[in-house]
Amino acid sequence: MRKRNSAFAVALIIIASVAHFGQTPNAPRYLMPPKEIVAAFDVQPLPTAMLSPTKQVIALISRRVYPTIAELSQPVLRLAGARANPKTNGPQRTTNIFAITLRKIADGSEVKVTVPPQANLSNVHFSPDGLRLSFLNTRDNAIELWVAETATGRAKMVSGTDRLNATTGDPCDWLHDNATLICNLVPAGRGPAPPEPTVPTGPNIQETSGKAAPAATYEDMIKTAHDEALFEYYFTSQLAAINATTGSRTLIGRPAIFESVTPSPSGEYLLVSKIKRPFSHLIPMSGFPEDAEIWTRRGELARKIADVPSREGVPLTGVPTGPRGYRWRQDQPATILWTEALDGGSLRNKVPFRDKIVSLAAPFKDAPTEFAKTEWRFANLSFTEKGIALLSESDRASRRLRTWVLEPGAEPRKVWDRRQDAAYENPGTPVMRRDSGAGGFGGGGGGGGFGGGGGANVIMQTGDFIYLTGQGASKEGDRPFIDRLNLKTLATERLFRSDAKSYETVIAPLSDDAVTILTRYETPTDPPNYYVRDLSSNSRRAVTDFKDPQPQLRGVQHQFVTYQRKDGVKLSATLYLPPGYKQGDRVPVIMWAYPREFGDADSASQISGSANRFTIVSGYSHLFLLLSGYAIFDNPTMPIVGPGETANDHYVDQLVASAEAAIDKVVDMGVGDRDRIGVGGHSYGAFMTANLLAHSRLFRAGFAESGAYNRSLTPFGFQSESRTFWEVPDLYARMSPFWYANQIKDPILLMHGEADDNSGTFPIQSERFYMALKGQGATVRYVTLPFEAHGYAGRETLLHILAERINWFDKYVKNAPPRMKEETSAK
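The rules behind the values
Residues numbered from 1 in each chain as written. Predicted model: local features only at pLDDT ≥ 70, side-chain atom pairs only at ≥ 80, totals over all residues. Heavy atoms only, no water. Helix = DSSP H or I, 4+ residues; strand = E, 2+ residues; numbered from the N terminus. Buried < 20%, exposed > 50% of the residue type's maximum accessible area, 1.4 Å probe, protein only. Lys, Arg positive; Asp, Glu negative; His and termini not counted. Charge placed at Lys NZ, Arg CZ, Asp CG, Glu CD. Salt bridge = Lys/Arg side-chain N within 4 Å of Asp/Glu carboxyl O. Phe/Tyr/Trp six-rings, centres within 6.5 Å; stacked < 30°, edge-to-face > 60°. Lys NZ or Arg CZ within 6 Å of the ring centre and 35° of its normal. 1 Å grid on protein atoms, 1.4 Å probe; cavity = no way out; pocket = protein on both sides within 12 Å on 5 of 7 lines; lining within 4 Å. Points joined across faces, edges and corners; volume = space filled by probe spheres on them. Nonpolar A, V, L, I, M, F, W, Y, C, P; charged D, E, K, R; others polar.

### Focus on the overall build of the protein
Now for step 1: The helix and strand inventory of the protein stands at ten helices and 48 strands.
Now for step 2: Overall size of the protein, expressed as C-alpha extent along the three principal axes, is 80 × 80 × 65 Å.
Now for step 3: Within the protein, the fraction of its 827 residues that count as buried is 55%.
Now for step 4: Distance from the positive charge centre (93 side chains) to the negative charge centre (87 side chains) of the protein: 3 Å.

This is the structure in structure tokens:
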């Protein structure tokens, strides 16, 4: 009897100990990579910069590096395609800004913005005149609105006892009066959240009555009546106007679920999109039924634009048939624009015009007038300060994009007609003047397309000229530029181009004639910094002086390399060599890639990227492997080429051919040997990794993160593939490595976030693939990451991933014994 009591007491002690420490004995723990990697991982990143509308000040924004897994494990609601924190009534994750410094461009003087203790800031915005700066502060149980004076940096909370509601996106927007913000608030007196029934009242039922409703495989959908009640409770907001100086507020209209709210450029009206029942269980809230309305500042209905039905049933490559993409015209005080399909919303229908754009001006009493029609699908519409429009349309079948100049009383003139995939043909993006209003907040007003919101982002025009900036893809790699385009002659003049030994991007012109510009300059040995460049004297002056945050990486060498696939398609990659590398040494090599589809071989052969970038490594980047003695063949192009919708018809053959060419290149350079090359990728790169191991013996091991491996589980298309499973079942089978699990003979590590939020990459993809591989006797490791989404965030998680990569590749690549010659070829 005494022995039984003693054993019982020991058991109680064990149970108590387990309960105390919160985990069972021998529970797996997060791994740590070598200390030199941890030291590089933990550096404070360089601040990001935001230019004020007046172009006189930049806000330097400092963020905390990584949240902890404890932060990620806080309660979260996964509803209607969104993830919300029920305690704060905001997003699950914030940008975690802890400091803001305002620096004058003219003389470099600066002030620090006053921030609250233990600041967790986000959503930083200048007022249109640049004299104020608004930002949100997320506390444990609320989100606050703060406003700072840019001259002094003094800030104060102006939301008072009200709580902001940020479940649908950025909850506040500046009016053009520079004194008022329109915000989403948690309704006063909302009461407790709907309790979950302890006993179900019946089954959960979905039903359809014969109407086709193809949809992508979205995550986080509404599933039950209780989910619907929670969605309505947490996502319902009260609009209010908040005075930035006094904090006084004026309520606007009645509470609703606002997908988007955008003030007109004049500030007199609001463009409102209200979500309403019935809520879909198949698609996210951006496709829910909604009312599109124009309100006065007092919340009175000025005009109902549309009663938009659910987007269920909209063709996969189609658009809704009613009004969509409604936006304010940026150059007018209060004129609304929207698009309507003329082809029934389906590309299968042959019609002379696919879309029309209509216009309606305040006071919104007249019938809307037609502004333009497009032969192809409408893509974008922006206006210059002088009322000239640039309208773009795209053709999916030919992968072409063309842009027209529209002037009142004149025939449209075509300014560009180019292949979307051809990087060398990209003319750049028009430079926008950002001081004419503030952008809208929320989900985007029913499917975007027009440039800017609330009057913001008017194209800057000086005389007959507008300005274009771009990455400047070329045969020598990216060389960013700024051009001047004459809207009368359509002739283009290059004002500045980054030289061949640096990478200098144009942030914005600082003068109307673009003689002075703000740039971000870097070289392989100079960290990124901001400069004022005077084009008339070809001189530049530093605005910032950021130091090298990771000196341990300066021993890394990198170069841009080009090579060719056996079918003639030209390929490229960046080769990184580990610190201390000596010419002629053959070291283990990891290839990390992500395939892309192209309509033609010439577009696929065009080079993008630059060897002139400064190497900074963060997060769970595969480049950390450099510190463990690996060479990295980074982003070797893996183009899948085919006209129209046919690119994937030869996916496997082209993928393997690209990998063979990459391996030949790195071996011919004397850097790698064929017996010590691994491959990896994230998402579609994971899909690529599994396919390469299934259809070749080119690699010793693979590392596949958050991928999809059985395409029959994404039957209505994936990536750029728009054909359904039932149209091309053989293609879905050929592209699915799950179907070829028996052919995978080299080790593969599968990793997946347990809370993946990406369409098509449900965790079951990795779970079932692991079971298939295990059943076939493959060498496979399967790691799932608690509380992590498609992109991983937690500090403990990221360090664990780096440790897993090193351990896996050390075992199966770096220290792998030579294998038989017949095992090294493609299958």
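### As for the pattern of salt bridges
Now for step 1: With the rule as written, the count across this model stands at 57 salt bridges.
Now for step 2: With a closest N to O distance of 2.5 Å, Glu 493 and Arg 484 form a salt bridge.
Now for step 3: A relative accessible area of 21% means that Arg 484 is categorised as partly exposed.
Now for step 4: It is possible to trace a salt-bridge network through shared partners that takes in Arg 324, Asp 343, Arg 354, Asp 355 and Arg 377.

### Structural notes on the packing of aromatic side chains
Now for step 1: Summed over all chains, the structure comprises 30 aromatic pairs.
Now for step 2: Judged by centre distance (5.2 Å) and plane angle (20°), the ring pair of Tyr 684 and Phe 687 falls under stacked. With Tyr 684 and Phe 687 both in helix 7 (residues 684-695) and three residues apart, this pair spans about one turn of that helix.
Now for step 3: Its relative accessible area of 0% is what places Phe 687 among the buried residues.
Now for step 4: Of the aromatic side chains, those joined through ring pairs into one cluster are Tyr 594, Tyr 651, Tyr 684, Phe 687, Phe 716, Phe 718, Phe 725, Trp 726 and Tyr 732.
Now for step 5: Its guanidinium or amino end placed over the ring of Trp 376, Arg 402 lies 3.7 Å from that ring's centre, counting from NZ or CZ.
Now for step 6: One residue, Arg 805, lies across the ring of Phe 703, its end atom 5.5 Å from the ring centre.

### Quick look at empty space enclosed by the protein
Now for step 1: Counted under the stated rule, the structure contains two cavities of 30 Å³ or more.
Now for step 2: Each pocket or cavity is described by its volume, and for the largest cavity that value is around 50 Å³.
Now for step 3: Lining the largest cavity, in full, are Arg 399, Glu 597, Gly 644, Glu 645, Thr 646, Ala 647, Asn 648, Ser 720, Glu 721 and Ser 722.
Now for step 4: Class assignment of the residues belonging to the lining of the largest cavity gives a composition of one nonpolar, five polar and four charged.

By themselves these figures say nothing about function.
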